[in-house]
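# Descriptive structure summary
In case you want the letters, here they are:
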Number of protein chains: 2
Amino acid sequence: MSAPAVSQMDQIKLAMTSINDLFNTEVIGKRNFDALDRVYTADARILPPGAPIIAGRENIKKFWRDLVQSVNAKSAVLTSVDVIPAGDSVVEIGRATLRMAPEGQPAAELEVKYVVCWRQEDAQWKWHIDIWNPNS
Amino acid sequence: MSAPAVSQMDQIKLAMTSINDLFNTEVIGKRNFDALDRVYTADARILPPGAPIIAGRENIKKFWRDLVQSVNAKSAVLTSVDVIPAGDSVVEIGRATLRMAPEGQPAAELEVKYVVCWRQEDAQWKWHIDIWNPNS
């Protein structure tokens, strides 16, 4: 028996899962903020709650470094809810659980939902526009 | 002299501005929530801060009716920051100013930013995925 064919969309979804896992394990888990080079396009934009739009990967790295340290983030598990092809982009709707242990406070979990527009950069799928907000 | 050619993208942007204005003047200003039929696709999804994902235009109408009444919203001026074609979708990054006059409280302004994925339904451009969060 030959292996079942893997569709192009399945391949893209696998690549997306791999990057979402990298964000959790490498960026948040190991605080390796240079791994964000593989997560975001060079001219990506993020729209975080409580702040204006942040443009460009270097500024985005600074945002995550500051946030992870300030709340003592431990993990950020991302789960795709829907993946919608849109020309040379893919729009992902997802949910995330952020675990943190802020100094002097009890450990906490934050449930958020997000929309990410993915785009290819150097043949790699990356986050190009990233916006999220809390569920409660 | 003939009129200057209007590109397809310019036409789409004009249609988008018209719908964004409709949301402000008709939905928020006049509390005509049936005008949301012209704003959202039938199977649209919104991702509001402080709530889970809401799917389907009828549920979205209920969300806006409840929100507008609870904060006594007066206007919601939407401004496109960037408009990005993506296959049969258009991704819009924007900012909005929501003005409200909650009972027993001073009038207030809330600055938010948003990402909307637009899609055509019955040849009309409408909001298909809509997520936002506050700037502060």
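Residues numbered from 1 in each chain as written. Chains lettered and ligands numbered in written order. Predicted model: local features only at pLDDT ≥ 70, side-chain atom pairs only at ≥ 80, totals over all residues. Heavy atoms only, no water.

### Observations concerning the interface of chain A and chain B
Basically, it comes down to this: Contact criterion: two residues are considered in contact whenever any of their non-hydrogen atoms come within 4.5 Å of each other. Two parts placed together each lose some accessible area under a 1.4 Å probe, and adding up what both lose gives the buried area. Every case where a carboxyl oxygen of Asp or Glu lies within 4 Å of a side-chain nitrogen of Lys or Arg is listed as a salt bridge. Any N or O atom pair separated by 3.5 Å or less is treated as a polar contact, with the protein-specific requirement of one donor-capable and one acceptor-capable atom, and with residues adjacent in sequence counted only for side-chain atom pairs. Strands are runs of DSSP state E lasting at least two residues, helices are runs of H or I lasting at least four, and both sets are numbered from the N terminus onward. Gly is put with the polar residues, along with every residue not named as nonpolar or charged; the nonpolar set is Ala, Val, Leu, Ile, Met, Phe, Trp, Tyr, Cys and Pro, and the charged set is Asp, Glu, Lys and Arg.
At the junction of the two partners, chain A supplies 28 residues and chain B supplies 28 residues. Carbon and sulfur atoms supply 69% of the area that chain A and chain B bury against each other, a total of about 2100 Å² over both sides. For the pair chain A and chain B, the number of links is two salt bridges. For B:Arg45, the salt bridge is made with A:Asp82, and the minimal N-O distance between the two is 2.6 Å. Connecting chain A to chain B are 14 residue pairs in polar contact (both at pLDDT 80 or more). Of all the secondary-structure elements, those providing two or more residues to the side of chain A that touches chain B are strand E1 (40-47), strand E3 (73-86), strand E4 (89-100), strand E5 (108-121) and strand E6 (124-134) of chain A. In terms of residue class, the side of chain A that touches chain B is built from 18 nonpolar, six polar and four charged.

### Concerning the pairing of E4(A)
Working note: regular strand, side chains alternate between the two faces of the sheet. Residues and elements named next belong to chain A. This is how it is decided: Only protein chains enter the accessibility calculation, which uses a 1.4 Å probe; a residue is then buried when its area is under 20% of its type maximum, exposed when over 50%, and partly exposed in between. Strands are treated as partners if at least two bridges between them are detected by DSSP.
Of all the twelve residues making up E4, ten are buried; the element is thus mostly covered by neighbouring parts of the structure. Here twelve bridges tie E3 to E4, and the two strands are oriented antiparallel to one another. Note on E4: the bridge partner recorded for Val77 is Thr97. Two successive antiparallel strands, E3 and E4, enclose a turn made up of two residues, where Gly87 displays a positive phi of approximately 65°. Relative to E5, E4 runs antiparallel, the two sharing twelve bridges. Note on E5: the bridge partner recorded for Val90 is Trp118.

### Comments concerning empty space enclosed by the protein
Applied cut-off: Using a grid of 1 Å spacing that covers the protein atoms alone, one calls a set of points a cavity when a 1.4 Å probe fits there but cannot get out, and a pocket when the set is open and has protein on both sides within 12 Å along at least five of seven lines; lining residues are those with an atom within 4 Å of a point. Grid points are joined across faces, edges and corners, and a volume is the space filled by probe spheres set on the points.
Tallied over the entire structure, the rule returns two cavities of 30 Å³ or more. Empty space within the largest cavity amounts to approximately 50 Å³. A:Ile84, A:Ala86, A:Val91, B:Ser89, B:Cys117, B:Trp118, B:Arg119, B:His128 and B:Ile129 together form the lining of the largest cavity. Of all elements in the fold, only E3 of chain A together with strand E5 (108-121) and strand E6 (124-134) of chain B reach the threshold of two or more residues within the lining of the largest cavity. The leading source of residues in the lining of the largest cavity is E5(B), at three residues.

### Comments concerning the relation of the copies chain A and chain B
Rule in force here: Least squares is the method for superposing the copies, and the C-alpha atoms it fits come from residues with pLDDT of at least 70 in both.
Note on the copies: chain A fits chain B at an RMSD of 0.0 Å, the axial shift is 0.0 Å, and the rotation between them is 180°. Here the symmetry operator amounts to a two-fold rotation axis. By C-alpha distance to the rotation axis, the residue of chain A lying nearest is A:Gly87, at 1.7 Å. By residue overlap, the copies meet face to face through one surface: 100% of the interface positions of chain A are interface positions in chain B.

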